[in-house]
Structure formats: structure tokens, C-alpha cells
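The chain contents come next:
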Amino acid sequence: MYDPSQLRTFLAVAQTLSFTGAARRLGLRQSTVSQHVRRLEDATGCRLFSRDTHSVELTEDGEAMLGFARRILEVHEQATAFFTGTRLRGRLRFGASEDFVLTRLPEILEGFRYEHPEVDLELTVELSGTLHEQLAAGRLDLVLAKRRPQDPRGELVRHDKLVWIGAERLRLDPDRPVPLIVYPPPGITRARALEALERQGRAWRVACTSGSLNGLIAAARAGLGVMAHSRGLVPPGLVRVPERAGLPDLGEIDFVLVHGERRGPAQHAARALATAILAGGDRLHRR
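The paragraphs below set out a description of the structure included in this document. Not measured: the values here are computed from a predicted model. (Residues numbered from 1 in each chain as written. Predicted model: local features only at pLDDT ≥ 70, side-chain atom pairs only at ≥ 80, totals over all residues. Heavy atoms only, no water.)

**Concerning the packing of aromatic side chains**
Item 1. This structure, assessed with the given rule, holds three aromatic pairs.
Item 2. Pairing F100 with F255 gives two aromatic rings, centres 5.2 Å apart and planes at 70°, and the pair type is edge-to-face. Note that F100 is positioned in the loop between strand 3 (90-97) and helix 5 (105-115) and F255 in strand 11 (residues 252-259), a separation of 155 residues in sequence.
Item 3. Among the residues examined, F100 registers a relative accessible area of 2% and is labelled buried.
Item 4. A relative accessible area of 0% places F255 in the buried class.
Item 5. Here the aromatic cluster, defined as three or more aromatic residues joined through ring pairs, consists of F10, F19 and F49. (Phe/Tyr/Trp six-rings, centres within 6.5 Å; stacked < 30°, edge-to-face > 60°. Helix = DSSP H or I, 4+ residues; strand = E, 2+ residues; numbered from the N terminus. Buried < 20%, exposed > 50% of the residue type's maximum accessible area, 1.4 Å probe, protein only.)

Below, the structure written as C-alpha cells:
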């Protein structure tokens, strides 16, 4: 009843909230993406997206379809692997950004390990900038991280807006430097925050530096300052800083999958894990 190719297209649109972004990810024409979604809506008898010229949003039925589509595709992949006799082996060095510590990424990795028990999966959790450096140095095979500015590489997993967050009771004094809670260099959000404040001409000071997301969250909850963070991944106990605080706009951010250069078993395993992450992209939000 539900064509796997249409389900993959649906998931891509749901995760990017963009027909153009989904077409780019899947290597399809935008008209084909629209056709797949329309046919899936015909098959379900429901509208899955509410869309106009400016935005795309999931309907209530679309939200329900997310889980169904992911499970159908998982079973489809399992059946394909079983009947083709495909068994992945070897060592896979996977790097994930600190941003995903509080999401359901572990569930995706657990499912991958169950499906491919002969793959030795090694996980590195680091800053996005550090992961890109390790990938370039050949120390990782696949990276899930923020995309660097002007870097066209990578398969889009999610598109989001960067926002300022902090403790609910935090109040910023407009006459004093903005207290910042930041990752150390080469943190991508750190660079974006500093660039935005400098463009605005706003004074700032570093109130806390930590390479751990949990360390940044603890400092923010204590009211030490504000931090730049993905809107869809705001940790519990923190809120968006209101616009009246006058902080500059931080723009948007892409989370992408980038493959390394190593060939052979690692390349096949990396492709399988990338497919699992793209299929389960709706899990990559705050729990």
C-alpha cells in the first residue's frame, strides 16, 4: 500500500521541512518530490503536510505517519538484507556532534548494531569543528555534525535556526557585556555567536567555556549567561532569550552527514549507518 520510495521522500521532506531540501538530499527533481508526497497522501486519504509559499509543516496525520514510515522502511531494509545475503563487516569510526547527546541518536545506533552485529562501531562525541578536522585527517569514516559556513559538502539531516538560550530568570543588563557560555574553538556555534555580536557592535565576555554540552547546560541553568543553540534541541530547564533583550539574530544552521575517504568495508558500513540516520531523522530532536 505504501511505496518505500514515497516513504523515503516523505521522511526527507518531514526532516528538512522543505521540498527543495528534500529534492537536493535525494537527488530528485522537486516535481518528483511533490508527486511522491501527493501519491502518499492519496494512499492514506489524508493531508500529511500543511504548506504555502513560505513554509512546510507536518499535519497531525503527518506526525503520525513519521513513526509508521520509519518502521516500514526499517523492516524493508531488514528483508532486503536477509534475502540478498548482505552482511556488513569491519570497523566503522563514527563521529557525532555534542548537540545530539540529549536526542534519541542512541536508539538509532542500537538498531544499527542489532542489524549489523559484525560491524565494529567506534563512536566519537566531539565539537562539530573538531569532527570535521578528524574526518579530514582520516581518523573518522562518517560524521554527523553542523555544516561549516560556505561548506557545500554533506547530506542534509536537519535544518534549524540558531537561537539564544538561557535560564528563565536570567536578565541581561544592556549596559554591560553579554555573558557568553561557549564551546572552545573550533566550535561552530561559538564562532557564529561572536561574529553576530561583533557585527552588532555589542560588547561581550566569556562567562563559561566547556567542551561538554552538559557543562554548558549546567552553567546556563545556574544563570551565568547565554549560549547559542539549535532551536529544535533546546535542553530541559532552559528557554529562548526574549527578543527584547536585543541580542543579534544568529541565522540558520544545517546538520549534515559527511563521509570520509576510506574505501572498502568501512565505506559500505558508513553508507548503511547514514541511511539509518536519515530514515530516523525525526528522532534527532530533544527528548
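**Some points on a nonpolar patch on the surface**
Item 1. Among the surface-exposed residues, V101, L123 and V125 lie close enough to one another that they form a single nonpolar patch of about 210 Å² accessible area.
Item 2. As for its position among the elements, V125 is in strand 4 (residues 119-126).
Item 3. Overall, V125 belongs to the partly exposed group, its relative accessible area being 39%. (Patch = residues over 30% accessible without salt bridge, like charges linked within 9 Å, V, L, I, M, F, W, Y side chains within 5 Å. Areas by Shrake-Rupley, 256 points an atom, 1.4 Å probe, with all protein chains shown as cover. Salt bridge = Lys/Arg side-chain N within 4 Å of Asp/Glu carboxyl O.)

**A few points about unusual backbone geometry**
Leaving glycine out, the prevailing phi sign among residues is negative, and the prevailing peptide bond configuration is trans.
Item 1. A cis amide bond, omega 10°, links P185 with the succeeding residue P186.
Item 2. If you trace the backbone, P186 turns up in the loop between strand 7 (178-182) and helix 7 (188-200).
Item 3. Within the chain, L17 stands out as a residue other than glycine whose phi angle is a positive 50°.
Item 4. With respect to the helices, strands and loops of the structure, L17 is situated in the loop between helix 1 (4-16) and helix 2 (19-26).
Item 5. Residue class for L17 comes out partly exposed when judged on its relative accessible area of 36%.

**Considering the packing of helix 2 against helix 3 (residues 30-44)**
Item 1. The interhelical angle for the contact between helix 2 and helix 3, taken along N-to-C directions, is 105°, at an axis separation of 8 Å. Between helix 2 and helix 3, the angle is such that the two are roughly perpendicular. Here F19, T20, A22 and A23 of helix 2 lie close against helix 3, whose contacting residues are Q30, V33, S34 and V37.
Item 2. Considering only residue class, the contact of helix 2 with helix 3 consists of five nonpolar, three polar and no charged. (Axes fitted to C-alpha atoms, helices over the stretch in contact; angles between N-to-C directions. Parallel < 35°, antiparallel > 145°, perpendicular 65-115°, else oblique. Contact = heavy atoms within 4.5 Å. Nonpolar A, V, L, I, M, F, W, Y, C, P; charged D, E, K, R; others polar.)

**A look at helix 6 (residues 128-136)**
Item 1. In terms of burial, helix 6 is a largely internal element, seven of the nine residues being buried.
Item 2. Within helix 6 the residues assigned to the buried category are S128, G129, T130, L131, H132, Q134 and L135.
Item 3. One or two steps after helix 6, the chain reaches G138, where phi turns positive at roughly 80°.

**Brief notes about the side chain of H36**
Item 1. Structurally, H36 can be placed in helix 3.
Item 2. Beyond its immediate chain neighbours, meaning those up to four positions away, H36 contacts S5, Q6, T9 and L28.

**A word on the environment of D120**
Item 1. Mapped onto the fold, D120 is located in strand 4.
Item 2. When near neighbours in sequence (up to four residues on either side) are disregarded, D120 contacts G90, R91 and L92.

**Quick word on the nonpolar core**
Item 1. In this structure, L144, W164 and I277 are the most contacted members of the largest nonpolar core, which totals 39 residues.
Item 2. Sorting the residues of this core by element identifies strand 3, helix 5, strand 5 (142-146), strand 6 (155-166), strand 7, helix 7, strand 11 and helix 9 (265-279) as the ones contributing at least two each.
Item 3. No other element matches the six residues that helix 9 contributes to this core.
Item 4. In this view, L144 contacts F94, G95, A96, S97, F100, L105, L131, V157, V256, L257, I277 and L284; residues no more than four positions away in its chain are not counted.
Item 5. In terms of nonpolar packing, the next biggest core, distinct from the first, is built from 21 residues, V13, A14, V37 and F49 among them. (Core = buried A, V, L, I, M, F, W, Y, C linked by side-chain atoms within 4.5 Å.)

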